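Survey of secondary and tertiary structure
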There are 2 protein chains.
Amino acid sequence: MTYCVAMCLDAGLVFLSDSRTNAGVDHINSFRKLHAFERQGERVMVLMTAGNLSISQSVVNLLREKLAAKKGVNLDRVKNMFEAARHVGDCLREIYARDAAALKAFGIDFNASLILGGQIKGEPPRVFMIYAAGNFIEATPETPYFQIGESKYGKPIIDRVVTRSTGLDEAAKCALISMDSTIRSNLSVGLPLDLLIYARDAFRIAEHHVIDHDNAYFKHLHAQWGQSLRQAFAALPDPDWRHFQ
Amino acid sequence: MTYCVAMCLDAGLVFLSDSRTNAGVDHINSFRKLHAFERQGERVMVLMTAGNLSISQSVVNLLREKLAAKKGVNLDRVKNMFEAARHVGDCLREIYARDAAALKAFGIDFNASLILGGQIKGEPPRVFMIYAAGNFIEATPETPYFQIGESKYGKPIIDRVVTRSTGLDEAAKCALISMDSTIRSNLSVGLPLDLLIYARDAFRIAEHHVIDHDNAYFKHLHAQWGQSLRQAFAALPDPDWRHFQ
């Protein structure tokens, strides 16, 4: 399983992914699920992947191959983020055409979902969620974030605190708390985490950190958030049954 | 969809269910999913259901029919909660034998999950989760609660605050907060709620309330919990990137 979240804010973009990959609980590994493409001063793109690892890795390799070829459509040459999302969708369809029938013969679904976010000079930062079929949707002011993988445990806190106008550091804090709740409830989501912050119109990555068990800030969030929740819970009154009909 | 939770505590039992049933988003109705069987002074049992409504209703009707027949195995005559769980599982299998093939012909899975909890004189309160196949598991001191239906949004808060020694009122408060998070995130879970409290060795239901939009306590929890979470979130420090490697 996987948990990845991307937020598209007025101030820029926040990306967070875990790195656990498992085929059953007895085959757990750590793989990077966040891939950054940067041409400083001109464009920054970040791709996060969930689903079948062989499919995700094939997409990333195909994107890199096309970049290296320096001709045809590639992430360096697309004119805007909409074209970039279409390009990633096309790569996914190329892999579908190659692999889906063989996977199906073994009873394996073509299971992949991707988040692509970034900014290309001339337009604001944008974030897309790309489905296995290669189609995609874009984050809007009303729904400024996307999640892929095990999204439910970590959704309530984002819904409560993140809006388009949330600052980048505060949004990163929220993404980390959302991840902490997910890790607590789902064994198949795990450290280390990949956290990437992009400030609007910077055209270079502001922060990109791998967060592991020894990261003091994440440890503090983990301990403090649990304690705050228990305190908030204790502060609420118990039901008084006399007031129930 | 549905969200139901049952907690098996030293002090007794807490049951909470929503009442929304939908076949697609354009066909939403309200049905009771919590069914209580009580023989005061001797036994109390509560059944909550999730999954295909026709299957859940058939199980409840079959259980009541067997009760009315006053012979053979029924919920009034089983000797302990293990036998009660087996009886409910058998009723589910009876309905499977009757309906599963016909449902399959229409591409409908035999989808049902039940929670049965209660106390019969001579043993402590017990809670079981019964699967569509009629097999079941029992809550233990380490895992004192079960959820059915849309369980993920409401799980983190229960994991953080409920243990076997939590009091009944506090546990009811936690169940309601867990329900509030679920309703907030999943449109197909909705009011009114059915809340039932059973105090150990009482052999009668302590509290059974239908909680609707106008319930002052639930409204207070809803508003206050959201505000507490936002305050707890605001009180945590933002990341200081200088301390990240």
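Preceding this paragraph is the structure being described.
Reading the values: the criteria
Residues numbered from 1 in each chain as written. Chains lettered and ligands numbered in written order. Predicted model: local features only at pLDDT ≥ 70, side-chain atom pairs only at ≥ 80, totals over all residues. Heavy atoms only, no water. Contact = heavy atoms within 4.5 Å. Buried area = accessible area lost by both parts, 1.4 Å probe. Salt bridge = Lys/Arg side-chain N within 4 Å of Asp/Glu carboxyl O. Polar contact = N/O pair within 3.5 Å; in protein donor to acceptor, adjacent residues only side chain to side chain. Helix = DSSP H or I, 4+ residues; strand = E, 2+ residues; numbered from the N terminus. Nonpolar A, V, L, I, M, F, W, Y, C, P; charged D, E, K, R; others polar. Core = buried A, V, L, I, M, F, W, Y, C linked by side-chain atoms within 4.5 Å. Buried < 20%, exposed > 50% of the residue type's maximum accessible area, 1.4 Å probe, protein only. Least-squares fit on C-alpha atoms with pLDDT ≥ 70 in both. Pairing = 2+ DSSP bridges. Axes fitted to C-alpha atoms, helices over the stretch in contact; angles between N-to-C directions. Expected span 1.5 Å × (residues − 1). Arc of directions from axis to C-beta. Phe/Tyr/Trp six-rings, centres within 6.5 Å; stacked < 30°, edge-to-face > 60°.

A closer look at the interface of chain A and chain B
With 44 residues of chain A in contact, the opposing surface of chain B contributes 44 residues. Both faces considered, chain A and chain B share a buried interface measuring about 4600 Å² in area, 64% of it formed by carbon and sulfur atoms. Contact with chain B buries area across many residues of chain A, yet Arg160, Phe233 and Trp241 of chain A alone supply 20% of it, more than any other trio. Our count for the chain A to chain B interface comes out at 6 salt bridges. The partner of Asp238 of chain A in a salt bridge is Lys173 of chain B, and the shortest N-O contact between them spans 3.6 Å. Inspection of the region where chain A meets chain B yields 10 residue pairs in polar contact (both at pLDDT 80 or more). In terms of residues, the side of chain A that touches chain B owes the most to one element, helix 5 (residues 216–235) of chain A, which gives 12 residues. A class-by-class count of the residues in the side of chain A that touches chain B yields 22 nonpolar, 9 polar and 13 charged.

What about the nonpolar core?
If you look at the biggest cluster of nonpolar residues, it comprises 70 residues, and the most contacted ones within it are Met7 and Val14 of chain A together with Met7 and Val14 of chain B. Beyond its immediate stretch of four places on either side in the chain, Met7 of chain B contacts Gly12, Leu13, Val14, Pro144, Tyr145, Ile158, Val162, Ala171, Cys174 and Ala175 of chain B.

Looking at the relation of the copies chain A and chain B
It takes a turn of 180° to lay chain A on chain B, together with a shift of 0.0 Å along the axis; the resulting RMSD is 0.0 Å. Given the turn and translation reported, the copies of this chain are related as if by a two-fold rotation axis. Using C-alpha coordinates, one finds that chain A approaches the rotation axis most closely at Tyr153 of chain A, a distance of 2.6 Å. Counting the interface residues of chain A, we find that 100% of their copies in chain B are interface residues as well, pointing to one common contact surface.

Observations regarding the pairing of strand 6 (residues 43–51) of chain A
Residue and element names in this part refer to chain A. In terms of burial, strand 6 is a largely internal element, 8 of the 9 residues being buried. Relative to strand 6, strand 5 (residues 34–39) is paired through 6 bridges, and the arrangement is antiparallel. Bridging from a neighbouring strand, Ala36 pairs with Val46 of strand 6. A loop of 3 residues connects strand 5 with strand 6, the two strands running antiparallel in sequence, and Gly41 in this loop sits at a positive phi of about 85°.

Topic: unusual backbone geometry
All names here are of chain A. With an omega of -5°, the peptide bond running from Leu191 to Pro192 counts as cis. Here Pro192 shows up in the loop between helix 4 (168–185) and strand 11 (193–199). Not every positive phi belongs to a glycine, and Lys70 is a case in point at roughly 55°. By the secondary structure assignment, Lys70 is in the loop between helix 1 (53–69) and helix 2 (81–105). We note that Phe203 has phi near 55°; this positive angle belongs to a residue other than glycine. Looking at the element boundaries, Phe203 is found in the loop between strand 11 and strand 12 (207–211).

What about the sheet that holds strand 11 (residues 193–199) of chain B?
Residue and element names in this part refer to chain B. Ordered by their spatial adjacency, 5 strands build an open sheet running 10-1-2-11-12, and the pairing between neighbours is antiparallel. Every interior strand has two partners, whereas the edge strands, strand 10 (145–149) and strand 12 (207–211), have only one. Going from strand to strand, the sheet's axes swing by 10° on average, the running direction of each strand aside. Here helix 4 (residues 168–185) sits on the sheet in contact with strand 1 (3–9), strand 2 (12–17), strand 11 and strand 12, set at roughly 20° to strand 2.

Some details on the pairing of strand 1 (residues 3–9) of chain A
Residue and element names in this part refer to chain A. For strand 1, the tally of buried residues reaches 7 of 7 residues, placing the bulk of the element in the interior. The side-chain alternation of strand 1 yields two buried faces, one formed by Tyr3, Val5, Met7 and Leu9 and the other by Cys4, Ala6 and Cys8. One ladder, built from 5 bridges, connects strand 1 with strand 10 (residues 145–149); its direction is antiparallel. When the bridges of strand 10 are listed, Cys4 appears paired with Ile148.

Regarding the pattern of salt bridges
All chains considered together, the criterion is met by 32 salt bridges over all chains. Between Glu138 of chain A and Arg126 of chain A there is a salt bridge; the shortest N-O distance is 2.7 Å. Here Arg126 of chain A lies in strand 8 (residues 126–130) and Glu138 of chain A lies in strand 9 (residues 136–138), a separation of 12 residues in the sequence. Arg126 of chain A gets classed as buried once you look at its relative accessible area, which sits at 16%. A salt bridge links Glu94 of chain B to Lys66 of chain B; the nearest nitrogen and oxygen atoms lie 3.2 Å apart. Residue Glu94 of chain B is located in helix 2 (residues 81–105), and its partner Lys66 of chain B is located in helix 1 (residues 53–69); the two are separated by 28 residues in the primary sequence. The class of Lys66 of chain B is partly exposed, set by a relative accessible area of 23%. Here the residues in one salt-bridge network are Arg39, Glu42, Arg43 and Asp76 of chain A, joined through shared partners.

Concerning helix 5 of chain A
All names here are of chain A. With 20 residues, helix 5 should cover 28 Å at 1.5 Å per step; its first-to-last C-alpha distance of 28 Å lies within 8% of that length. Of all the residues in helix 5, the buried ones are Tyr217, Phe218, Leu221, Trp225, Gly226, Ser228, Leu229, Ala232 and Phe233. Buried residues in helix 5, looked at end-on, bunch into an arc of 165°, giving them a common side. Opposite its buried face, helix 5 presents the exposed residues Ala216, Ala234 and Ala235, each directed more than 90 degrees away. Backbone nitrogen of Tyr217 and a side-chain oxygen of the N-cap are separated by 3.1 Å at the start of helix 5; the cap is Asn215.

Structural notes on the packing of aromatic side chains
For the structure shown, the criterion picks out 10 aromatic pairs over all chains. Between Phe82 of chain A and Phe136 of chain A, the ring centres sit 5.7 Å apart and the planes meet at 70°, which makes this aromatic pair edge-to-face. Here Phe136 of chain A lies in strand 9 and Phe82 of chain A lies in helix 2, a separation of 54 residues in the sequence. Ring plane angle 80° and centroid distance 4.9 Å describe the contact between Tyr96 of chain B and Phe110 of chain B, whose orientation is recorded as edge-to-face.

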